[in-house]
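An overview of the molecular structure
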Amino acid sequence: MGFLVLYCRSGFEKDCLAEITDKAMPYGVSGYGKLNAAEGIVRFYPHDPSAAKSLMSRMQFSELVFTRQWFLAEAELEGLPESDRLGPIVEVFSSLPAMTSLVLEYGDTNEGKQLSKFCRKFSNPARQALRKEGLLSAKSKARDRAEDGEVRGHLCFISGTHVIVGQSIEGNTSLWEMGVPRLKFPAAAPSRSTLKLEEAWLQLMTAEERMSFLKFGHTAVDLGAAPGGWTWQLVNKGMKVWAIDNGPMEEKLMDTGKVVHLEKDAFVYKPPRAVDWMVCDVVDQPAKVADRMQRWLLERWCHYAIFNLKLPMKQRWAEVQSIFERMDEKFAEKGVSYELRAKHLYHDREEITVFVRLL
Ligand SMILES: C[S@@+](CC[C@H](N)C(=O)[O-])C[C@H]1O[C@@H](n2cnc3c(N)ncnc32)[C@H](O)[C@@H]1O
């Protein structure tokens, strides 16, 4: 066999499939997809099944916007005997490279969540059976200690008797099972949106980049800042922040003395001098937001930017593609080098989050 399994937010399956279909093309891979509406899981079958492995080894997980997690599937097993679910699973893994970790996953839907208890119960017996056969290293490492290049096993349960079996390579997958980060809401933060910026930093930047791009003493502008969840994250990194919003900022955050609140229009405000960071959580037409973000970068008013693009339309991938193409043309026209990464984060709903930095 050989196909890709991609996890996405429920309701975004068509965008996820349209994106992988388009992005596989430059790698010389064409294929077709299978999806069930609102399942949160997409299967992508290259016409030549042997191309699936080489596609996954050449394409970077970070290239994909609507995919939260992915793996190379070896087999889809339906009708597993309840008396011996493990036998067929071990048999599939026995033809694949040995692994250092195993994750048990399901679609991020209400039906999927009903499988979480089953997965928790099944995980130990599954690991033990695989270790006994020498297919999983004796002490499979904790997630944060896995090293790039190591093989991770995936069991994607569709039901208790239906599972997709496959593998991914550490360093080219999401850090988290199903691509869902377990972030703790910081009690001192003014709003739950704070988790979105925290996740963006984790998803869109490497650990080394976070060390070097998010520095104590940096300056930042937060457009559409109130009540201050994103500003709180920036202040927490030791930055001074200009918060632009007509709405009120949380008082405790203002008491830090690290925030200047300006009641101005985010689409008009221009900083008196360049800052390191600009972030923007204003909900408006995506093309309008993208244009303003690009102006900031082209004028070099900031060096790093993180912003949301709201996507209420039907063809979200097509919209994202056309916005990014237009941005690319304008950067090229002005001779400005940049790097752009984007993800539909777990904490995003109808929007995606974009990170751009000047090079
Ligand atoms: C989703 S909320 C931001 C939440 C914030 N990031 C947080 O973590 O608390 C969007 C904010 O954008 C502000 N906003 C919308 N349009 C704006 C504009 N043209 N100029 C300035 N602020 C604007 C709204 O007042 C609102 O506070």
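First, a word on scope: everything that follows refers to the structure included in this document. Since this is a predicted model, take the numbers as computed values, not measurements. (Residues numbered from 1 in each chain as written. Predicted model: local features only at pLDDT ≥ 70, side-chain atom pairs only at ≥ 80, totals over all residues. Heavy atoms only, no water.)

1. Thoughts on the overall build of the protein
- Helix and strand counts for the protein stand at eleven helices and 14 strands.
- Computed over its C-alpha atoms, the radius of gyration of the protein comes to 22 Å, within 12% of the 21 Å expected for a compact globule of 359 residues.
- By its C-alpha atoms, the protein is 65 × 45 × 35 Å across when sized along the principal axes.
- Per-residue burial for the protein yields a buried fraction of 54% across its 359 residues.
- Across the protein, the fraction of contacts at a sequence separation of at least 24, relative to all contacts at a separation of at least 6, is 65%. (Helix = DSSP H or I, 4+ residues; strand = E, 2+ residues; numbered from the N terminus. Rg over C-alpha atoms; globule rule 2.2 N^0.38 Å. Buried < 20%, exposed > 50% of the residue type's maximum accessible area, 1.4 Å probe, protein only. Contact = heavy atoms within 4.5 Å.)

2. A short note on the site of the ligand
- In the neighbourhood of the ligand, 16 residues make up the surrounding shell, with Ser191, Gly229, Asp245, Ala266 and Asp281 lying closest.
- One of the side-chain N or O atoms of Ser191 is found 2.8 Å from an oxygen atom in the ligand.
- At 3.2 Å, a backbone N or O of Ala226 approaches an oxygen atom of the ligand.
- Considering the ligand on its own, with 600 Å² of exposed area, one finds that the protein chains cover 74% of that surface.
- Here the shell around the ligand is composed, by residue class, of seven nonpolar, five polar and four charged. (Near = heavy atom within 4 Å. Polar contact = N/O pair within 3.5 Å; in protein donor to acceptor, adjacent residues only side chain to side chain. Areas by Shrake-Rupley, 256 points an atom, 1.4 Å probe, with all protein chains shown as cover. Nonpolar A, V, L, I, M, F, W, Y, C, P; charged D, E, K, R; others polar.)

3. Brief notes about the sheet that holds strand 14 (residues 351-358)
- Strands sit in the order 10-9-8-11-12-14-13 across an open sheet of seven strands; the sheet is mixed. One side of each edge strand has no neighbouring strand; the edge strands of this open sheet are strand 10 (259-262) and strand 13 (338-343). Going across the sheet, the axis of each strand differs from the next one's by a mean of 15°, ignoring polarity.
- Set on the sheet, helix 6 (residues 194-204) makes contact with strand 11 (275-280), strand 12 (302-310), strand 13 and strand 14; between it and strand 14 the angle comes to about 55°. (Pairing = 2+ DSSP bridges. Axes fitted to C-alpha atoms, helices over the stretch in contact; angles between N-to-C directions.)

4. Some points on the state of the cysteines
- Overall, the coordinates contain zero disulfides when judged by the stated rule.
- You can see Cys8 has no disulfide; the closest cysteine sulfur is in Cys16, sitting 4.4 Å from it.
- A relative accessible area of 1% places Cys8 in the buried class.
- Not engaged in a disulfide, the cysteine Cys119 finds its nearest cysteine sulfur in Cys156; these two sulfurs lie 8.8 Å apart. (Disulfide = S-S within 2.5 Å.)

5. Focus on the side chain of Gln294
- Structurally, Gln294 is set in helix 10 (residues 286-298).
- A distance of 2.8 Å separates the side chain of Gln294 from the backbone oxygen of Met327, its partner in a polar contact.
- Setting aside anything within four residues of it in sequence, one finds Gln294 in contact with Arg326, Met327, Lys330 and Phe331.

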